[in-house]
Structures are given as structure tokens and as C-alpha cells.
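Results of the structural survey
The lines below spell out each chain.
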Amino acid sequence: VQGTGGSSAVSKCSTAERGYIQDRFLRLLTGRRRRRAPLIHRGYYIRARAVDHCVGDFLLQHQSHPSTQIVSLGAGFDSLYFRLKDIGLLHQAVVYEVDFPDVTRQKAALIQRTKDLAALVGESGREGLGVVTFSGEDYKLLGVDLSELSELERALEEAGLNKDIPTLFLAEVVLTYMENSRSDAVIRWVAERFSRVCFLLYEQMHPEDPFGRVMQQHFSQMNSALRSLGRYPDCEAQRRRFFEEGWSECSVMDMNEFFICCTPEDEQKRVQALEPFDEYEEWHLKCSHYFVLTASKGMEPSWTPLLPSMTVPRGDGPVGTAGSIPAAACPTLSGISGLRRYGHRSVLIKPNVILTTGGFGEEDGRHCRVRDFHVLMKHAGCWKAGSVRKESPDKRWDGRLYHTVSCLSSSLALVVGGRTSPSSPGLGMLWLKFPEMCSASEPEDIAMELVSVQPAAEPAALRWRHSATEVTFKGEEFLLLYGGRSAVEPVLGDWCFLHTRDLSLAAIPVEGPGPEGRHSHSACSWKGGALIAGGLGAAEQPLGSVFFLRELDHGFGWQTVETHPPLIPRYSHTAHVHDRKLLLVGGVWLNTSSVPGLTVVDLITGLCVDYTINVEHLEWPLMLHNHSSVFLPNEKELLLIGGGGNCFSFGTHLNPEPVSLSLSNILASH
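Residues numbered from 1 in each chain as written. Predicted model: local features only at pLDDT ≥ 70, side-chain atom pairs only at ≥ 80, totals over all residues. Heavy atoms only, no water.

Another point: the sheet that holds strand β16 (residues 374-379). Taking strand neighbours across the sheet as the criterion, the four strands line up as β12-β13-β16-β17 in an open arrangement whose pairing is antiparallel. The sheet terminates laterally at β12 (345-350) and β17 (382-387), the two strands that pair on one side only. Here the strands of the sheet are splayed against their neighbours by 25 degrees on average, with no regard to which way each runs. Across six bridges, β16 lies against β17 in antiparallel orientation. Considered in β17, the bridge of valine 375 is made with glycine 386. (Pairing = 2+ DSSP bridges. Helix = DSSP H or I, 4+ residues; strand = E, 2+ residues; numbered from the N terminus. Axes fitted to C-alpha atoms, helices over the stretch in contact; angles between N-to-C directions.)

As summarised here, the arrangement of the five strands in space is β27-β31-β30-β29-β28, forming an open sheet in which the pairing is mixed. The open sheet terminates on both sides in strands that have one partner only, identified here as β27 (510-511) and β28 (522-526). In the sheet, strand β29 (residues 529-533) pairs with strand β30 (residues 546-551) via four bridges, with the strands oriented antiparallel. Looking at the pairing, isoleucine 532 lines up with phenylalanine 547 of β30.

Of the strand pairs in this sheet, β30 and strand β31 (residues 556-560) are connected by five bridges, and their pairing is antiparallel. Across the sheet, residue arginine 550 finds its bridge partner in β31, namely glycine 557. The hairpin formed by β30 and β31 contains four residues between the paired strands.

Our focus in this paragraph is the domain arrangement of the chain. Domain annotation of the chain identifies domain 1 (2-297) and domain 2 (323-662). For domain 1 versus domain 2, the separation of C-alpha centres amounts to 41 Å. Each partner contributes to the interface: domain 1 provides 31 residues, whereas domain 2 provides 34 residues. When domain 1 packs against domain 2, the two sides together hide about 2800 Å² of surface, and 62% of this comes from carbon and sulfur. Per-residue buried area on domain 1 facing domain 2 is highest for Asp278, Tyr280 and Glu281; these three make up 23% of the total on that side. At the surface where domain 1 touches domain 2, the tally comes to five salt bridges. (Domains from an automatic or database assignment. Contact = heavy atoms within 4.5 Å. Buried area = accessible area lost by both parts, 1.4 Å probe. Salt bridge = Lys/Arg side-chain N within 4 Å of Asp/Glu carboxyl O.)

Moving on to the pairing of strand β25 (residues 495-499). Within β25, four of the five residues are buried, leaving the element largely enclosed by the surrounding structure. Both strand β24 (residues 476-482) and β25 contribute to a ladder of five bridges, which runs antiparallel. Each bridged residue has a counterpart across the sheet, and for leucine 480 the counterpart in β25 is phenylalanine 497. Pairing between β25 and strand β26 (residues 505-506): two bridges, direction antiparallel. Bridge pairing in β26 links phenylalanine 497 to alanine 506. With antiparallel pairing between neighbouring strands as the criterion, β25 and β26 make up a hairpin whose turn holds five residues, including leucine 503 at a positive phi of roughly 60 degrees. (Buried < 20%, exposed > 50% of the residue type's maximum accessible area, 1.4 Å probe, protein only.)

Quick look at the structure:
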């Protein structure tokens, strides 16, 4: 548990050095310095933002009061006191920090020998030999185990804590490491002993969905299990907990809601522009698995720091579903690891032959951008997997992610766009050639040839997280490129038409207001046009709109597809059309009560029906974002390939095997 505090301090320090937060004291309090990934920076930014927002609100509300107190439980090497003192917010306030004796002794010695820290504490600051390891006029450092409540109470009394003045207790990912009976006792003790008191809690939640399972496993492997999650798995359970333990008011929101509702729009944009970023799924999933809670008792006026500055639909209500679809693992005969990846593409190039390209995953026993092509081939009712021979390796391929692959004939597929890193320009186009007649019985017998192509339309292809859809106009076939993002533009809202025969740009008129810019959406061919569904918009918020680009006499026209009930906004899903039904598979949404399964949209009536995916027969978490899927219409079977991602600091999860969903019953019932 102490180790998690040290790692957290290093991450906070890296977050400050990249400009996410203003904190010149973290580097003085953190011995180790290491640059973290952008996803980690965002995660620690929103944590710091939430704490500072609530603590600042408490201090400003009581700035006219003669004295106030802040008690930080499990403070570690946090810099809260020094930041507040430096900006003049501790006029009449005293800060008490509590942690293990070893930690507080180290921190006390560090303060004494660091001039900038000692100067803020003032001349009254002295190290102590007892439970109060450091004491200044407005700063007390207490070495005590939180689980020993009687010792904690004695230590705070010895340090001079006053139970009758406005007091804020703060616990950032602390109580969850304690036995529930002991953490409940702390919450109850604070409510009982203090007459005018507030509590600020920041912790994890949702342990049982795929991301939550990876998160739990990570902390268990570190020998610091999250003990509160079983009894208090979500926001509502935490609210009930505080009311049952004697608190009169309590508000709670997950970190997606906090970022959207309590962070000014200009601040959101500032953070989003700080460094190249392309891990939106993991950012939203991380935020949906942490919450900030504020509770109070005896406060006049009420303490309401989590009052949203804007109203958005809450994302924690239950999603109505019409049933569930059993998921079956689809073990491949060869057992190769090449299909463990995300950000890739899979396409049916011939009956029962699926080509998978690109992405990030496992190759030769290491995690990297995947350069090999893989084929799934159904033979005698069983899927075989293997690597494909590349006749002429092209360095332009270079293991791209978030590209598109469109099979334009029985021997030709077009690769458009993709990226290597988020700071690199998007990649261009490549032809993939394969034998027109395929008598191979083994995946390794199929040969692929990569052919460079640099058409005049190449600049339009320099994007990723876009879509490429086959459409028909006046009997001619075109490829519609729409949306996505680039190294310069975080969201693109343009589109263009490519002649499939020579990849030249075609000037086809388009009527009507088009969709707002988006990436990570889905696009399907239907009735000669294209269906665009969901995606992530310019504000990095999921979209729930569905548009149909419909063929007209003189061009195309955008048409909104009204769904009822409204489609839950989502992105990073896949989609297919069967008969008149749009099938949306997986993805990420901000509703925290469940994860997206399969949504069926009737394109004639607009009826929208959600189904959960039953994973009880899978031995591993099924993460359905950044995956690929192939619909086999004859069997009415959906094959899910790959998927997963970097689960914040909890490790990378890659779905280990393809998964099969039988849709016969569902499609027959609509």
C-alpha cells in the first residue's frame, strides 16, 4: 500500500511537469522522476482537479470563519498544504496529514532539509519524536495507522484538532485498502465526533466489468487489494454508505461527469491540447471507474462543491435490454498469438477467409505494432489461424493502426490511412493483392502482395479513426472517406469520393446538413449509400446520432435516422447491416451501469433495441472496443476479433481469442 503512494507521487510529478497542473512542490517531495504516458497524465490531472476543486470550495466558503481545519488521511508525499499556503488560501486554516509512521518520518526529514518547503512551514516547524512527527503553526504531520481508530483519535487530539470548527476530511484512494468494517468505522467516527464536518472521497468503482476486472487484478498482484469494491461497487452504494454512517448530505459523480460538468470548457480544451493523445477509450473507461464524493453534516449553508455548472443526462441509470446473447470462445487450431491486438482491421476477402491487418498487440512474444498479416480460415467447421506470406514487404506498411481495409474485388483490397504514433502524420494508401482463386487449406499458403499507390487523392487519405464505405452513384462504384482525425486536427468532419477503378477524386454534389465532425464512428454500405453511426465528437464526447447518405438523382443527400428510444451515444464500436437492420457491436459509452453489447436498429421504423453479451463461458474479460468484427450472413454469426487496450496504469489487456456470437434468434425476432 505504501508502494502505491510512491508510484502515485511520481505520476503526479510527471503530470505537473507536462503542464497539466500547477505544482512546483511535487518535484521537491518526489525523489524519483520519470516521464509518464499522456493517458497517465490525464488520469492524474482529473484526480488533482477534483480534489483542488472541492478543497478550494470548502476554504472559500469558510474564509470569513475565524478558523478551519483540513485532515488528509493517507496523505503520503502529497503537496496539498504547500500549494494552499503558497497561494494564500490557508489564512485561518490548519492542515493535518496522517500516514504510516515510516512515511511521515521520511516526509518530516525531507521538509526540514528542503529550504523551499521549510520556509513555507515557517520557523515554528519542528520534527517530533512521538506520533506527531512534524509540527508547525498551521501544519501537523501524524504517523499513525488509520485502521487503528483509537490511536488516530488520540494522535489528532494530541496535535490540537478542534472538533467544533468547520473541518474537511480528505481521503484519496486510501479507505479502499482497509477492511470494510474499519473504513466504515472511520466514516462513522468522523460524523459522530465533529459537529461541522465535510468529507471528500476519491476512489475506484465498478469492479465486475472488463476494465474493472483488469483493475482489480492489478491491485491484487501488487498485494494491495481494493477491499471496498465488493460491498460498495458504484456511486449509489457509496451514497447509501455515507447516509447509513450518519451523514446528512452526500453527492457523488464519476470522473467523466466531473470533467464534463465541473470543468470549464476552456480548461477542457487546454488539457486536450497539451500533448499528442489517442487513447480516448482508456481515458473514458478510467474516468468511469473512479468517483469523487462529497458529504457533509452540520454545515450551514450546505456544502455543494459538486453542483454541476451545466446539466447533462446522468450516465448511471440502467440500460433497458431485450435479452442477452451468449458469447463462445472460438479457439483456433494453431493457437498463434497474432490475433491478440487492438486498433486493427479485419475483412472477409473470400467466403470463410478473414484477413486481419495492423494494430497493436502481440508479435514474437512482445507488445508492439503488428507488422504481420493474419488469416482466419474456416475448414471443416473449425477456424484455423496463421500468418500470411508477404510477397513484397513494403516499409510504408510499418504496422499501422486505425486504418481501413476495403475489399474492392475478388483479388484486391485497398488500405487507407492509419498511423504509427499520434504525433506522426497519417499514412497513405496501399493495395493488397491476393490470389483470385484460393485453393489453400492452410492460412500460410495464402500470399499477399503490397503495392504502393500515390494517387492525386492521397492527401485525403492522411487520417486515422476514419471510415471508408463503398457507395454507388449512377451505377458506378465509389469509396466514401469520411471523418477521422489527423496529427493536426483532433476531429475531421469532411468527406470525399474516390473512384474505385483509379482512386481519383470524384466531384459528387451532397445536399443537406451533414454530420458534425467525428472519429471512431462506424460506417456501413446500405441501398447504395452509407450509414454513419456514433463516434467521438470535437469535445471528446460520444455521439448518438445516425445519418444516412442517400443516393439522389443528381448526387447524394444527408438524412437523419431517428431512433427510439434514442441510441445511447457511443464510439469505438463496429457495425454491420443485415436486411434492414443496423447492428452496432460493443464500443465505449459513458453510461456506467453496463458496457455496450449489441444494439439492433430497425432502419425502417427506427426501433432501437439493446442486448447484453453473456460472457459467463469466457475465462477472461471481453473488452469490446478497438476490436474488429466480421458478419457471416449465411450462418447469421458474428465473429469478434481482438480488442482491448492499455488499461490506465493497470496493464494492457488483449482479448486472447476470437469470439463467436450467434444472432439467429435475434435476427429472426425482429
